[in-house]
Amino acid sequence: MTLQSSQNKIISVAIIVSLLVSFFAAVQSVSAEEVRKTTPFSDVKPGHWAEKHIAKLALQKIIQGYAGGTFRPADNVSQEDAVIMAVRFIGKEQEVRVDNAIVFPEGFNVKDYAKPYVVYAIQEGLLDIKEFEQTENADETAWGSRKATREWVTKLIVRAIGQDEFAKEQALAAASFADRDQIGADYNGYVNAAVSLGLMKGVTADKFDPKGNVNRAMMATLLSRAQSAYPVAYSGQATGLLSGITDTTISLYEEGQQQERTYQLTADSLFYRYDSELPSTAEELKLYTEVTVIVSGNTVSYIEQMGDEEQVSSVKGKIASIVPEKSKIFISIDNEFVSFDYNDSLVIRNSEGQKLQLSDLVIGSDVEVLNDTFRPEPLTLAIIVQGSPVNKKAQGLVKSVNGTSVTLENIETAQEETWTVSSQALISWNGEVKTMTDIIAGDTIDYEVTNSQITKITITLTSGKSIKGEFYDTSSDRKTITYTVNNDPNVRFVAAGVQVIIEGMNQPGLSDLVRGDQLEMTVNSQNIVTAIKVTNRKVEILNGATIVGYIADRKLLSFVDQDDNPYAVTITNSTKFVLNGNEVQLAAVQSMLTSNRKVTIGYTEKTAVFIQFVHQYTGKLASLNQSAGTMTVSLDNGSMYTVNYASPYVEIYGKATASLSDLKIGDIVTITLDANQDKASGIHVNQTLQQEIVSVDNTTKKIKLKSAEGTVVEWLVSTNWQLLSEQGAKIALSDFKAGQTVNVVYAGKTPSAIKAVKVSIGKIVSVTNNKVSLTGTNGSVFDLTLSAGFRVVKDGVTSTSAAALAPGDWIDVRLDTEETTVVTVITGLSRKFSRYDSAAKQLYVLATNISDSNIRFTVTNETKFTQAGSAISVQSLKNGDQLTLYTVNGKLIEVIKTP
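This one's a predicted model, so the numbers in the text were calculated from it and none came from an experiment.

**Things to note about the overall build of the protein chain**
Thinking step 1. Check the secondary structure of the protein chain and you find 10 helices and 55 strands.
Thinking step 2. Taken over the C-alpha trace, the protein chain has a radius of gyration of 41 Å; the compact-globule value for 899 residues is 29 Å, which it surpasses by more than 25%.
Thinking step 3. Seen along its three principal axes, the alpha-carbon backbone of the protein chain occupies a region of about 130 × 80 × 45 Å.
Thinking step 4. Expressed as a percentage of the 899 residues in the protein chain, the buried residues total 45%.

Right, dumping it as structure tokens:
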């Protein structure tokens, strides 16, 4: 072939020298901690930015390493080695005559191993005769050993793919770069041609850097990417449609040969995608798309998905007939019957994605049939059932019941389903026949579906069923309750934490029930009573009652209310006495049942239910009459209490001095009474603040709390403090831990209650209207359901929709002081990397200004370092790399390297 004819050769071009766009930009990498090698070279570690291209070209035998198994990716490419790679790239190495004696003109020096390749390159038009002329005025470096520049490599590759004539047409046009004057006259057309074809950009928007050197990793990446424009049938390489994949094999349909071959996968098989430099996985391969594989024998060494377009078509119709013995399905389409062939790989699912079996298909069902478009005789790949009579048995968790339909979550598939319940359906629980009204959200049921209707429901686990009866007695150990229904006695076990509800009474128990009480009881699937509500009586409450007298032998207590109306009640063995918030026996307080003492009394039918010796009241401020000197509060038990005051002190957290004018209607206040219990001596405004526990000392009963502003205060935990779990149950001080978030109720300036707050932190994987799937800081994946009324705070803006959230967002989910779920999107901090102190595990960033002190971050075992969604190592970061840092409570949770 003559030089002229090779120059006239035109080959289709897509992207050939895109590497030169970003030779000196940071490129995505994977974790350097990954164990397995991805290339045969010891100095190209997992995580190297060019590992994909070096691995591929090594397997294609386009590039080779040095003795000792190294590649030297950062070494500059010599001109003679660039020529060798280019010749191998176009698949012509077998045409190189290595046995001919070669003599070059004086001054044109090339190493012996490269001479045959240089001769071939000149003969085939990759190089021209001017290369000899350029040696006359060059430095003393031999032509072959010179470092290949960006402009020189551009010309070599553009000519290799047959674009020489186009480059000549562009030779006289001015380049668009500011450093255009540095582009050699012989290279101007090639640079212009590459830019014109959209193949080349500068190292920056206006700089080409024509004299910049090309290293070996850059050259490998350039040739690798150019293969999409210049396909070559390399030995051991095949391209086709991915027609199947298992844990150990892939099936490749090769269109040219119209055959399907199966190759073995091993732990060393490399997976990549056309649109990423990062390693991929077998799970991320997309069926029925084009892939390229490089194999050794029958084992896949390298596989790359070349695009996302699926080679499939679809039609819709109704199932007319299924002939399993012939692997055929007949579909009625516009009253015409069309047959489709299938094999064992056929996938069948419903419109919600639930997997079905061939036996689940029903004649007359509406279906969508997916067929391949690459086989001469298309094969049916999948059948999606759009609507058909469904018959099955399953187990589900009831989400809601609406009239004659039930919505549930299928326990096996985790998919939500809604079914109509047949009017003839058999519904049972615990051997008893029930109705639709007995099914409630939270029940677990076994259900049978016949012709798309539920025909049988068996309640296997329930959150509560209601029964009614009249209370008779409880056993001495409080483990059983006896009640009557239509005068017939019944006995049931009682749960250890049974909830008793008597209107007007705080936290009543079994001992507060009296014979004749009408009960509404909730029982679980084991027939155990979990809740009891008294429906025929309530406890009347008098706040600020004044004792008139107590007759001990008759246990008769007389008192008057605030309006001097007289009352008398009997004290029984069930009467509770509360002193300073603690329940005590009658003997401990009998001496206090004296004339003129103020108490709070709860009674029913002239029987004292409880007597509270109070020195303070807590409730919502309902009115404040400064002229009359009275205030009224609404107490938690639903009653109202009016108290006089003269000159009470007022305490408000965070306010040095406060007065009555600072009080607002609706404030929650704690009123402290004077010694005579007649007047308010102090008013403490209650506030709930979210704080962090710094330390807990169980020995001294002290706790240190840190405010949102960073102020740390140590408190002595008194016996009057309420200590509550996330669910509101009473817990011990020892149950709290340092670092825990809590809601602290302050009565004035002093805590009165601490409640644990669950804080969930994670990175969003997916999000729906009321649920987010997160990856936690420890790498675990979990789901969070967002409760009604949740709020989302992002970039300082509050919304009530999950649409403000997106995959990739780090979020903090917690209940606020008002028990409302708040989702806060954690904003990343943009900084440039400075250095990493591995001994101190400290990451340093460059200061943004002279006063910026936020330059050091502690790296923990849970800190993630990522780029484009894949893990990298902190050691791979270089000075000046752009980072986005995410921190929570001062802890570094993720560092993202950004372009």
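Picking up where we left off.
**Focus on the side chain of Ser269**
Thinking step 1. Its location among the elements puts Ser269 in the loop between β3 (259-264) and β4 (270-273).
Thinking step 2. Judged by its relative accessible area of 1%, Ser269 is buried.
Thinking step 3. At 3.0 Å, the side chain of Ser269 forms a polar contact with the backbone nitrogen of Thr266.
Thinking step 4. A polar contact is formed between the side chain of Ser269 and the backbone oxygen of Val300, at a distance of 2.7 Å.

**What to know about the pairing of strand β44 (residues 781-785)**
Thinking step 1. Note: strand β43 (residues 771-776) against β44, five bridges, orientation antiparallel. Residue pairing across strands places Leu774 opposite Phe782, the latter belonging to β44.
Thinking step 2. Joining the antiparallel neighbours β43 and β44 is a turn of four residues, in which Gly779 adopts a positive phi near 90°.

**Digging into the packing of aromatic side chains**
Aromatic rings in a pair are described by how distant their centres are and how their planes are angled relative to each other.
Thinking step 1. Under the defined criterion, the tally for this structure stands at 12 aromatic pairs.
Thinking step 2. Measuring from centroid to centroid gives 6.0 Å for Tyr567 and Tyr603, while their planes differ by 55°, and the two rings are tilted. With a gap of 36 residues between them, Tyr567 in strand β26 (residues 566-570) and Tyr603 in strand β29 (residues 598-604) connect regions that are remote in the sequence.
Thinking step 3. A residue is classified by how much of its surface remains accessible, and Tyr567, at 28% relative accessible area, is partly exposed.
Thinking step 4. Among the residues examined, Tyr603 registers a relative accessible area of 16% and is labelled buried.
Thinking step 5. Between Tyr617 and Tyr641, the ring centres sit 4.0 Å apart and the planes meet at 35°, which makes this aromatic pair tilted. Of the two residues, Tyr617 sits in strand β31 (residues 616-625) while Tyr641 sits in strand β33 (residues 640-652), which places them 24 residues apart along the sequence.

**Digging into the nonpolar core**
For soluble globular proteins, the rule of thumb is that nonpolar side chains tend to be buried together.
Thinking step 1. With 56 residues, the main nonpolar core has Ile63, Val83, Trp152 and Met219 as its most contacted residues.
Thinking step 2. Counting residues in hydrophobic clusters, the runner-up holds 37 residues, among them Val498, Met505, Leu519 and Val609.

**So, the pairing of strand β15 (residues 416-429)**
As a general feature of sheets, a regular strand has side chains that alternate between the two faces.
Thinking step 1. Here strand β14 (residues 405-410) runs beside β15; their pairing, made up of five bridges, is antiparallel. Residue Glu409 lies in a different strand from β15, and its bridge partner there is Glu416.
Thinking step 2. Pairing analysis gives six bridges linking β15 to strand β18 (residues 453-461), with the strands arranged parallel. Bridge assignment links Leu426 to a residue of β18, and that residue is Lys456.

**Considering the packing of helix α3 (residues 79-89) against helix α4 (residues 115-123)**
Thinking step 1. Running from amino to carboxyl end, α3 crosses α4 at an angle of 65°, the nearest separation of the two axes being 9 Å. In this structure, α3 meets α4 at a crossing whose hand is left-handed. Two secondary-structure elements touch here, α3 through Val83, Ile84, Val87 and Arg88 and α4 through Tyr117, Val118, Tyr120 and Ala121.
Thinking step 2. Considering only residue class, the contact of α3 with α4 consists of seven nonpolar, no polar and one charged.

**Considering the environment of Pro751**
Thinking step 1. Among the secondary structure elements, Pro751 is positioned in strand β41 (residues 750-756).
Thinking step 2. When the C-alpha atoms of Pro751 and Leu716 are compared, they prove to be 9.7 Å apart, with 35 residues separating the residues in sequence.
Thinking step 3. Those residues in contact with Pro751 that sit more than four places away from it in its chain are Trp715, Trp721, Val744, Val745 and Tyr746.

**Some details on the sheet that holds strand β55 (residues 891-898)**
Thinking step 1. Strand order in the open sheet made by the seven strands is β51-β50-β49-β54-β55-β52-β53, with mixed pairing throughout. In this open sheet, the two strands that pair with only one neighbour each are β51 (856-858) and β53 (870-871).
Thinking step 2. Inspection of the sheet shows strand β49 (residues 829-837) paired to strand β54 (residues 882-888) by four bridges, in the antiparallel sense. Looking at the pairing, Leu829 lines up with Leu885 of β54.

**Quick notes on helix α2 (residues 51-59)**
Thinking step 1. Among the nine residues in α2, eight count as buried, and that is most of the element.
Thinking step 2. Burial in α2 covers these residues: Glu51, Lys52, His53, Ile54, Ala55, Lys56, Leu57 and Ala58.
Thinking step 3. Contacts from the buried residues of α2 go to α9 (216-226), β4, β5 (290-296) and β6 (299-305).
Thinking step 4. A positive backbone phi angle near 65° is found at Lys61, which sits one or two residues after α2.

**Side note on the sheet that holds β44**
Strand pairing in a sheet takes place through backbone hydrogen bonds and is either antiparallel or parallel in direction.
Thinking step 1. With mixed pairing, the seven strands of this open sheet are ordered in space as β44-β43-β42-β47-β48-β45-β46. Among the strands making up the open sheet, the edge pair consists of β44 and β46 (797-799). Here the strands of the sheet are splayed against their neighbours by 35° on average, with no regard to which way each runs.
Thinking step 2. With three bridges connecting them, strand β45 (residues 791-794) and β46 associate as antiparallel partners.

**As for α4**
Thinking step 1. For α4, every residue scored as buried is listed here: Pro116, Tyr117, Val118, Tyr120, Ala121 and Ile122.
Thinking step 2. Immediately beyond the C-terminal end of α4, within one or two residues, lies Gly125, with a positive phi of roughly 90°.

**Here we look at the packing of α3 against helix α6 (residues 150-160)**
Thinking step 1. Running from amino to carboxyl end, α3 crosses α6 at an angle of 25°, the nearest separation of the two axes being 11 Å. Classified by the interaxial angle, the pair formed by α3 and α6 is roughly parallel. Relative to α6, α3 is oriented so that their crossing is right-handed. Along the contact surface, α3 presents Gln79, Ala82, Val83 and Ala86, while α6 presents Trp152, Leu156 and Ile157.
Thinking step 2. The residue makeup of the contact of α3 with α6, split by class, is six nonpolar, one polar and no charged.

**Considering the confidence of the model for the protein chain**
Thinking step 1. For the protein chain, the mean per-residue pLDDT works out to 86, and 94% of the residues sit at or above 70.
Thinking step 2. Throughout residues 1-35 the model reports pLDDT below 50, and contacts reaching past four residues in sequence, or to other chains, amount to 111 contacts.

**Overview of the pattern of salt bridges**
Thinking step 1. A full pass over the atoms with the stated rule returns 32 salt bridges.
Thinking step 2. A salt bridge links Asp517 to Arg537; its shortest N-O distance comes to 2.5 Å. In this pair, Asp517 sits in the loop between β21 (488-501) and β22 (518-523) while Arg537 sits in the loop between β23 (529-534) and β24 (540-551), placing the two residues 20 residues apart along the sequence.
Thinking step 3. Shared partners join several salt bridges into a network, and the residues in it are Asp128, Lys155, Arg159, Asp164, Glu165 and Lys168.

**What to know about the environment of Lys56**
Thinking step 1. Within the fold, Lys56 resides in helix α2.
Thinking step 2. Those residues in contact with Lys56 that sit more than four places away from it in its chain are Ser224, Gln227, Ile294, Tyr302 and Glu304.

**Quick notes on unusual backbone geometry**
Thinking step 1. Within the chain, Lys555 stands out as a residue other than glycine whose phi angle is a positive 50°.
Thinking step 2. Among the structural elements, Lys555 can be located in the loop between β24 and β25 (556-560).
Thinking step 3. Accessibility expressed as a relative area gives 29% for Lys555, which makes it partly exposed.
Thinking step 4. With a phi close to 75°, Asn596 is a non-glycine residue in the positive phi region.
Thinking step 5. What makes Asn596 exposed here is its relative accessible area of 57%.

**Things to note about the side chain of His48**
Thinking step 1. Along the chain, His48 turns up in the loop between α1 (3-7) and α2.
Thinking step 2. Filtering out sequence-adjacent residues up to four positions away, His48 remains in contact with Ile54, Pro73 and Ala217.

**Observations concerning the environment of Thr149**
Thinking step 1. Locating Thr149 in the fold gives a position in the loop between α5 (130-133) and α6.
Thinking step 2. Taking the relative accessible area as the measure of exposure, Thr149 reaches 14% and is therefore buried.
Thinking step 3. Beyond its immediate chain neighbours, meaning those up to four positions away, Thr149 contacts Pro210, Lys211, Gly212, Asn213 and Val214.

Quick notes on the rules
Residues numbered from 1 in each chain as written. Predicted model: local features only at pLDDT ≥ 70, side-chain atom pairs only at ≥ 80, totals over all residues. Heavy atoms only, no water. Helix = DSSP H or I, 4+ residues; strand = E, 2+ residues; numbered from the N terminus. Rg over C-alpha atoms; globule rule 2.2 N^0.38 Å. Buried < 20%, exposed > 50% of the residue type's maximum accessible area, 1.4 Å probe, protein only. Polar contact = N/O pair within 3.5 Å; in protein donor to acceptor, adjacent residues only side chain to side chain. Pairing = 2+ DSSP bridges. Phe/Tyr/Trp six-rings, centres within 6.5 Å; stacked < 30°, edge-to-face > 60°. Core = buried A, V, L, I, M, F, W, Y, C linked by side-chain atoms within 4.5 Å. Axes fitted to C-alpha atoms, helices over the stretch in contact; angles between N-to-C directions. Left-handed = near helix turned anticlockwise from the far one by under 90°. Contact = heavy atoms within 4.5 Å. Nonpolar A, V, L, I, M, F, W, Y, C, P; charged D, E, K, R; others polar. Parallel < 35°, antiparallel > 145°, perpendicular 65-115°, else oblique. pLDDT = per-residue confidence, 0-100. Salt bridge = Lys/Arg side-chain N within 4 Å of Asp/Glu carboxyl O.

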